[in-house]
Amino acid sequence: MAKRKAENRSFLDKWEAEYMFTYVKDKPVCLVCGVNVAVSKEYNIRRHYETKHHDKYKDLDMTQRSQKVEEMKRSLVSQQNMFKKATSQSEAAVKASYIVAAEIAKSARPFNEGEFMKKCMMKVCDLVCLEKKQAFSNVSLSRNTVADRTCDLATNLYDQLMEKGKDFVAFSLAVDESCDASDTAQLSVFIRGVDSNLCVTEELLGFKSMHGTTTGKEIFEEVSKCVTEIKLPWDKLVGLTTDGAPAMCGKKSGLVGMVREKMREENCAGELTVYHCIIHQEALCAKALKMEHVMTTVTQAVNFIRAKGLNHRQFKSFLEECGSEYADVPYHTEVRWLRGKVVNRCFELREEICQFLETKGKDTAELREQKFLCELAFLCDISSHLDALNLQLQGQGRIITDMYAAVRAFKTKLCLWENQMLQGNPCHFPCCQSIKAQISTAVFPCAQFAEKLSVLAAEFSRRFADFDAQKCKFELLSNPFAVDVENAPTNIQIELIELQCNDTLKSKYDAVGAAQFPRFIPDTMPQLRTQAAQMLSMFGSTYLCEQLFSSMKMTKTTHRRRLTDEHLRSILRISSAQSLSPDIDELASKKRCQVSGLGTSD
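Residues numbered from 1 in each chain as written. Predicted model: local features only at pLDDT ≥ 70, side-chain atom pairs only at ≥ 80, totals over all residues. Heavy atoms only, no water.

Per an unreviewed UniProt entry, the protein chain carries the name SPIN-DOC-like zinc-finger domain-containing protein and comes from Oncorhynchus mykiss.

Rendered as structure tokens:
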């Protein structure tokens, strides 16, 4: 009985000519009026034809009927293609609006830039492809549309991050806080998660606006919301990196203390590793040189030249007349990796600066003192070395072991430079060499500069003591084949022996390097894989937070103070995305325009 019922409901080809029906998307469709028949039974189809179309086509013989059916089928196909084309054009227009909105967000431009871009596109169409003008006109780029599209793109990225978070076996957070153009405190939280395949995902987890105070408790509440909303378990949190502010690193009322308390409440077995941003530490170490008096003198001279437009124009003309290699002198900057360049320019133009100041009646005795010139040369050289280290520590996707290696290398360099300076050989300090060649060797204070290098080395050792304590764990990631098994944690000693005795894995390590090797650790060594995942997830700095704040200042300027928190958050999520990209096809499908159907069911 069930078999006969199934047979009765299958569409038969002979019904096309007999009843003028065809089969479209699993439904019988009348070729005359376009109505769908709900159930594919001959009785239903025959009843529709006899009650509505029989009188019109009863005089046609079978040949005429067949011709008429073919003609109506071609008409139906043409109609379907027209709807498909309209749908395709509509989807393309929606996709284009998403793509443009994403580019506007990445470039920190206001939402109404979309309207300007559309005007430009329409003018280009008039000259290049007039026949496509309607297609371009269909792309909606109004201010409200671009704002909505931006929010959609950001939500899609967050959904992708949440989906990836389900596979994280370990993750760490980098947290920092800064104020925007309207003096609203903005808290940025980045996550670095590692999945079971030891692939790293580094993305913005949350960007929270704090309109009141920014105590450790309030910062913790916002960070806790970020972790909870993405549904990540606290026991997988292995590291927390901050800018070192009291509200962040306080052991009781700070973020660090409260996160540790939260992990104890959640009965987390692992211990939270906390780091003060390496880049911040490096900048603080530089202050141990105590050479502010040199920088103050240079800054005063530069400000005299740059503060007034007339002085600045005359100085540039003076440099041009002198045939100087440089056309101008820059302002002193607080950007850490640019300070050395600024000091170096002042050192190179020291004679021109003195001559110009003298034409203005300024006393240049201090600027011409041999002691001052020696100190300026030393500051110029050591600042250049510190800037080079700072640049090494910057960048996205940096592995903490590589950053620590750069710091250790710099500490070793300081010891070398100290010994060479004591011997009167500043071979790695070109500015010092230049000044030393111009003055008496006895006057050049080698011992004084060696002492400053010693103080700087001691400050590096003090500030990076917490990283030195993790040296064994770092070596397990950077070079597991050189680690002393007896000094390794007991839970990984057996697996570490098996790893070090495996020649195939040793060859793979030599071929791919330390950064990629953890992915090739076999599943039979789960403890080593877990250890590698935890180390790969560590943030060495809050560089991503600092970079985000730079984007924030470009986005929310004094002219865009009314930009809402939601829109600012969406823009920054899009502009900071690294391994994730919005799924525009999915977003466009949700916005798909509804096309009228072929008809209603009978």
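There's plenty left to go through after this.
J.: Outline the packing of helix 27 (residues 543-555) against helix 28 (residues 565-576), supporting the account with residue identities and numerical values.
T.: Here helix 27 crosses helix 28 at 130°, and the two axes come no closer than 10 Å. One way to sum up the angle between helix 27 and helix 28 is to call them oblique. With respect to the hand of their crossing, helix 27 and helix 28 are arranged in right-handed fashion. On helix 28, the residues that touch Leu548, Ser551, Met552 and Thr555 of helix 27 are Leu568, Ile571, Leu572 and Ser576. Considering only residue class, the contact of helix 27 with helix 28 consists of five nonpolar, three polar and no charged. (Axes fitted to C-alpha atoms, helices over the stretch in contact; angles between N-to-C directions. Helix = DSSP H or I, 4+ residues; strand = E, 2+ residues; numbered from the N terminus. Parallel < 35°, antiparallel > 145°, perpendicular 65-115°, else oblique. Left-handed = near helix turned anticlockwise from the far one by under 90°. Contact = heavy atoms within 4.5 Å. Nonpolar A, V, L, I, M, F, W, Y, C, P; charged D, E, K, R; others polar.)

J.: Let's hear about unusual backbone geometry: which residues, and what values?
T.: Even without being glycine, aspartate 183 reaches a positive phi, approximately 65°. When you line up the elements, aspartate 183 lands in the loop between strand 3 (168-179) and strand 4 (185-195). Owing to a relative accessible area of 66%, aspartate 183 belongs among the exposed residues under this scheme. With a phi close to 60°, leucine 198 is a non-glycine residue in the positive phi region. If you trace the backbone, leucine 198 turns up in the loop between strand 4 and strand 5 (200-210). (Buried < 20%, exposed > 50% of the residue type's maximum accessible area, 1.4 Å probe, protein only.)

J.: How would you summarise the pairing of strand 3 if you had to cite specific residues and measurements?
T.: In terms of burial, strand 3 is largely enclosed, as nine of its 12 residues are buried. Here 11 bridges tie strand 3 to strand 4, and the two strands are oriented antiparallel to one another. Within the sheet, the bridge partner assigned to alanine 170 lies in strand 4 and is valine 194. Where strand 3 folds back on strand 4, the antiparallel hairpin that results is connected by five residues, among which aspartate 183 adopts a positive phi of roughly 65°. By the bridge criterion, four bridges tie strand 3 to strand 6 (residues 237-242) in an arrangement that is parallel. Paired with leucine 173 across the bridge in strand 6 is leucine 240. (Pairing = 2+ DSSP bridges.)

J.: I'd like a description of the pattern of salt bridges, backed by residues and values.
T.: Per the stated rule, a full pass over the model turns up 19 salt bridges. One salt bridge connects lysine 556 with aspartate 180, and the closest N-O pair in it is separated by 3.0 Å. With lysine 556 in the loop between helix 27 and helix 28 and aspartate 180 in the loop between strand 3 and strand 4, this pair connects stretches of sequence that are 376 residues apart. The pair formed by lysine 556 and aspartate 180 is uniform in burial state, with each residue classed as buried. (Salt bridge = Lys/Arg side-chain N within 4 Å of Asp/Glu carboxyl O.)

J.: Explain the environment of isoleucine 571 to me, using residue names and the numbers behind them.
T.: Counting through the fold element by element, isoleucine 571 comes out in helix 28. For the pair isoleucine 571 and serine 551, spaced 20 residues apart in sequence, the C-alpha separation works out to 9.4 Å. Discounting residues that sit within four places of it in the chain, isoleucine 571 has contacts with Ala105, Phe111, Thr150, Thr555, Arg560 and Leu563.

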